[in-house]
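Given next are the chains, with one letter for each unit.
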Amino acid sequence: MASTMRQPTLETLGLGSVLDIFRNGRLPATAESLVEEVFGPGNDRGSLVISGANGIVGAGKVMQLGSRLMPHGVRMVALDFPSAPDGIGAKYPGLVAAFGQANADAIMGNTVRMTYDGKHLPAELSSMKPRFLLEAIPEILDVKRAHYQLFNEAFPGIEIRSVTSGFPAKELGVGIAHPAFPHEINKIWETVEPGSGAIAKLLWATGLIPIPVGDAWSFILDVLFCGVTHAALMYHDDTNMPVWKIDKYVRKLIGPNPTRAHDAIGAAGANFLTWSCLHHLSETYGPLFKPTPSLEEKKATGQNWYPLNHFRPLVDWRLEGDESAKFSTYILGALFQMTSLMLSEDRGHLTHMNGIGELCAQFRSGILAVIRKAGADTVVNIVEDFHRHRPDVAGGAWYPEVFEKIGDPSWQQLYVNAEHDGTVGVITMARESYNHDVDAELNRAIDWLKAEGVLRVILTGDFHLSTQMVGADTSEFYPALEDAAAGMAVAGPWTRTARRLNDEFDISVGYLQGKRALGGMLELLLHCHYVVSHEGATFGFPEVTLPVVPGMEGCHWPFRKAKAEDRSRVLHMLLTGRMVKAADAVGWLIDFAGPAETAIAKAYAVASGGDHGLVRRELETGAMDGIPDVAGLPPAGSPGSEAARKAILDSVKASCGATLAEAAEIQARHSSEFMTSSFCRKGAIGTEYTKTMLI
């Protein structure tokens with residue numbers, strides 16, 4: 001019988017657990033089988049209709065779904081009014097950039113554009129055999145309901161999903177597939193699924209990320225996105241601080257630029273959608289969500305929040321003391337109160353609720369991670385302080401008792417889960433970048449497996465929220481730009497965690513299920529005794545381009561597992577930042593690459609002690625000689641990258657020239673010292689730090 005720290009998010013889709021995937025040696029669903037279930041067999045395959053196809057959402061989904069469904073013989077029908085601007089045509093250059101001219105033309109050639117008057121469907125639509133309607137028309141309830149009736153009468157049994165950002169399924173009468181912005185590239189969809197859940201499973205099988213949410217007004221994403229906008233505008237209306245300044249401080253505090261985001265999306269449409277979400281929320285839950293006068297005005301005028309030629313550079317100032325505390329109270333107090341409402345209604349798996357804020361609303365840390373770090377008492381005090389500033393919102397939608405559960409596993413393991421069957425454990429990571437929260441949760445997962453007596457483990461992504469492993473969360477390095485000791489405080493503990501995968505298990509297997517593993521995440525995987533990947537993945541050390549020096553033992557650990565003649569390959573990766581395909585990395589960086597199901601079965605065979613045919617590459621623990629220089633490198637491209645090359649090479653020689661026991665401290669010191677250099681402070685991380693934190 002399997003045990004788990006908390007429910008795997010994959011189970012919320014009806015797709016079992018990650019442990020099931022490895023034990024069964026295959027993925028739980030395939031795109032072809034689900035295409036057949038939704039659109040019919042190949043000899044009678046129906047089409048996907050997107051209505052409102054020239055709008056910002058509809059056009060984005062024509063691109064995203066069209067590229068995924070074309071290989072399965074599903075035609076796309078883009079339906080809109082004759083007068084609608086050509087939103088699809090505007091997306092075409094992006095399609096060419098992503099897929100190349102020939103593939104972009106093939107995708108567009110598989111898309112049939114039709115127009116209608118809103119009351120009668122085109123006669124030729126019947127010949128396309130519509131099986132699935134994705135509705136992206138304006139947020140007017142009666143219009144939407146009439147639209148569904150039109151399709152249900154013409155095509156009985158058709159699957160219908162609305163992309164609505166606010167109306168729940170119980171109001172619409174159809175299921176929900178609410179996509180996150182930007183609509184052509186963001187893979188997240190909030191779903192409310194009737195029946196078998198075939199549409200959500202189809203999205204998953206085609207590489208998208210469906211997230212089941214509770215059927216409540218504005219679901220999760222728009223409570224967070226509209227909520228942080230609303231909090232900022234409450235502060236704006238109460239203090240008269242300009243929105244551009246508020247945006248700066250919101251970005252510093254939690255991550256997003258809420259009013260700037262509305263302008264980027266398109267102020268007229270975004271202002272209306274935010275107003276609509278807040279208006280309906282306020283009718284159900286009270287004054288906490290009542291749209292502010294400034295939003296009412298912008299909804300009516302459609303104007304941008306950032307006026308052209310405004311005086312931002314000339315009239316800047318800092319928030320100090322009580323002003324700064326008041327600002328934090330407005331933003332966090334409102335968000336904490338709104339989150340208490342979502343928790344009280346059980347709107348979603350906690351990992352989902354936390355992840356939506358990061359993946360869609362641009363929070364640096366998900367709202368639940370922020371709450372967990374603060375602690376229940378502090379959170380309650382902040383909300384009560386917020387109520388003293390805004391007593392009008394204190395009367396409802398406040399459930400402080402929900403924070404009493406912070407100690408539960410569902411709260412404590414927001415990013416990292418562990419499962420086992422008594423013999424093999426699987427540790428899954430639901431965050432694509434490594435930070436202090438992931439590090440702490442990974443340690444708890446390792447502790448739990450060891451306490452359960454499980455000493456064989458697979459480390460992998462969660463086959464759901466995490467579609468790649470992009471490396472360290474670079475915001476973790478901000479303090480290290482000013483203080484080398486802060487860099488050591490990151491590199492040291494993270495290295496100790498990574499070494500546990502090598503030191504504390506009989507067998508550990510790193511399995512890459514996503515499309516790439518980079519930087520710190522690759523360093524983490526390499527600490528496993530074996531690394532297995534599907535053949536379509538790539539690996540890389542992009543640190544030289546940032547520029548930084550690897551701090552989780554990338555400057556010596558892979559050299560210690562490679563043959564002498566292969567060490568120049570590792571060095572070339574480090575000094576150029578170039579990616580390596582999984583198949584080309586076998587034998588010197590990783591141990592196996594193959595088709596997904598073959599690789600999954602291989603990883604489980606290794607972990608379980610089955611017949612796998614791989615030879616474990618030994619780790620050199622002594623001081624090493626013969627680290628080669630790489631001649632003929634391409635130009636570094638910038639003084640920062642050139643300096644990073646030298647610093648990385650110095651770290652490689654110093655840490656490889658020491659024993660394994662000595663090398664951890666040596667490489668961490670090299671990494672942290674370079675972080676304080678002018679090259680790093682002027683690079684990508686330093687620039688983002690200056691823009692985000694130094695205001």
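Cut-offs and rules
- Residues numbered from 1 in each chain as written.
- Predicted model: local features only at pLDDT ≥ 70, side-chain atom pairs only at ≥ 80, totals over all residues.
- Heavy atoms only, no water.
- Salt bridge = Lys/Arg side-chain N within 4 Å of Asp/Glu carboxyl O.
- Helix = DSSP H or I, 4+ residues; strand = E, 2+ residues; numbered from the N terminus.
- Buried < 20%, exposed > 50% of the residue type's maximum accessible area, 1.4 Å probe, protein only.
- Pairing = 2+ DSSP bridges.
- Contact = heavy atoms within 4.5 Å.
- Axes fitted to C-alpha atoms, helices over the stretch in contact; angles between N-to-C directions.
- 1 Å grid on protein atoms, 1.4 Å probe; cavity = no way out; pocket = protein on both sides within 12 Å on 5 of 7 lines; lining within 4 Å.
- Points joined across faces, edges and corners; volume = space filled by probe spheres on them.
- Phe/Tyr/Trp six-rings, centres within 6.5 Å; stacked < 30°, edge-to-face > 60°.
- Lys NZ or Arg CZ within 6 Å of the ring centre and 35° of its normal.
- Polar contact = N/O pair within 3.5 Å; in protein donor to acceptor, adjacent residues only side chain to side chain.
- Domains from an automatic or database assignment.
- Buried area = accessible area lost by both parts, 1.4 Å probe.

**Observations regarding the pattern of salt bridges**
This structure, assessed with the given rule, holds 29 salt bridges. For K450, the salt bridge is made with E504, and the minimal N-O distance between the two is 2.7 Å. One end of the pair, K450, is in helix α19 (residues 436-451); the other, E504, is in the loop between α20 (484-503) and β15 (507-512), and 54 residues separate them in sequence. The residue D566 makes a salt bridge to R569 at a minimum N-O spacing of 3.8 Å. Relative accessible area serves as the criterion here: at 12%, D566 is assigned to the buried category. If you follow the salt bridges from partner to partner, you end up with D447, K450, R500 and E504 in one network.

**What about the sheet that holds strand β18 (residues 538-540)?**
Spatially, the three strands line up as an open sheet ordered β16-β18-β19, and their pairing is mixed. In this open sheet, the two edge strands, each paired with only one partner strand, are β16 (516-518) and β19 (580-581). Sheet topology places β18 next to β19; two bridges connect them, and they run antiparallel. Of the residues in β19, the one forming a bridge with F539 is V580. On the sheet, helix α21 (residues 519-526) packs against β16 and β18 and is oriented at approximately 95 degrees with respect to β16.

**Focus on the layout of surface pockets**
A volume near 590 Å³ is recorded for the second largest pocket. Around the second largest pocket, the lining is made up of 19 residues, and of these L253, R364, S365, K373 and H436 lie nearest the centre. Broken down by secondary-structure element, the contributors of at least two residues to the lining of the second largest pocket are α14 (321-344), α16 (367-374) and α19. The element that contributes the greatest number of residues to the lining of the second largest pocket is α16, accounting for four residues.

**Some details on the packing of aromatic side chains**
Think of a pair of aromatic rings as described by two things: how far the centres are apart, and how the planes are tilted against each other in angle. Tallying each qualifying case throughout the model produces 16 aromatic pairs. With centroids separated by 6.4 Å and ring planes inclined at 5 degrees, the aromatic side chains of F463 and Y511 adopt a geometry described as stacked. With a gap of 48 residues between them, F463 in the loop between β13 (456-461) and β14 (471-472) and Y511 in strand β15 connect regions that are remote in the sequence. For F463, a relative accessible area of 8% gives the class buried. Y511 gets classed as buried once you look at its relative accessible area, which sits at 2%. Taken together through their ring pairs, the aromatic side chains of Y235, Y249, F327, Y330 and F386 make up a single cluster. Cation over ring: K602 sits above F592, and NZ or CZ is 5.0 Å from the ring centre.

**Concerning the pairing of strand β7 (residues 175-179)**
Counting buried residues along β7, five of its five residues qualify, which places the element largely inside the surrounding structure. Bridge count between strand β6 (residues 159-162) and β7: two bridges; the pairing is parallel. Bridge assignment links R161 to a residue of β7, and that residue is G175. With four bridges connecting them, β7 and strand β8 (residues 188-192) associate as antiparallel partners. Residue pairing in the sheet places I176 in a bridge with V192 of β8.

**Structural notes on the side chain of S67**
Tracing the backbone through its elements, the reader meets S67 in helix α3 (residues 56-69). In terms of polar contacts, S67 uses its side chain to reach the backbone carbonyl oxygen of Q64, at 3.0 Å. When residues no more than four places from it in sequence are discounted, the contact partners of S67 are V62, F99 and I107.

**Description of the domain arrangement of the chain**
As far as domains go, the chain holds domain 1 (46-212), domain 2 (220-410) and domain 3 (418-693). If you average the C-alpha positions of domain 2 and of domain 3, the two centres end up 36 Å apart. With eleven residues of domain 2 in contact, the opposing surface of domain 3 contributes 14 residues. Between domain 2 and domain 3 lies a buried interface of about 1,000 Å² when both sides are counted; carbon and sulfur atoms form 48% of it.

**Re the sheet that holds strand β5 (residues 130-135)**
Strand order in the open sheet formed by eight strands is β4-β3-β2-β5-β6-β7-β8-β9, with mixed pairing between adjacent strands. Two strands close off the open sheet at either side, each with one partner strand: β4 (111-115) and β9 (209-212). In this sheet, adjacent strand axes meet at a mean angle of 25 degrees when their direction is disregarded. Of the pairings in the sheet, the one linking β8 to β9 comprises four bridges and is parallel in character. Across the sheet, residue I188 finds its bridge partner in β9, namely I209.

**Some thoughts on empty space enclosed by the protein**
In this structure the tally under the stated criterion is four cavities of 30 Å³ or more. By volume, the largest cavity amounts to about 60 Å³. R6, P8, T9, L10, V18, Y415, N417, E419, T428, M429, A430 and D462 are the residues that line the largest cavity. Within the residue set of the lining of the largest cavity, elements represented by two or more residues are β10 (416-420) and β11 (424-429).

**So, the side chain of Q468**
Mapped onto the elements of the fold, Q468 is located in the loop between β13 and β14. In this structure Q468 comes out as buried when scored by relative accessible area, which is 13%. At a separation of 2.4 Å, a polar atom in the side chain of Q468 contacts the side chain of R516. Those residues in contact with Q468, other than ones at most four positions away along the chain, are E432, G514, K515 and R516.

**Section: unusual backbone geometry**
In terms of backbone geometry, most residues other than glycine have negative phi values and most peptide bonds are trans. The step from F181 to P182 runs through a cis peptide bond, and the omega angle for that step is 0 degrees. One can find P182 in the loop between β7 and β8. In the segment running from L546 into P547, the intervening peptide bond is cis, with an omega of -10 degrees. Within the secondary structure, P547 is located in the loop between β18 and α22 (557-561). Positive phi is not limited to glycine here, since K129 has a value of about 50 degrees. In this structure, K129 sits in the loop between β4 and β5. A residue is classified by how much of its surface remains accessible, and K129, at 32% relative accessible area, is partly exposed.

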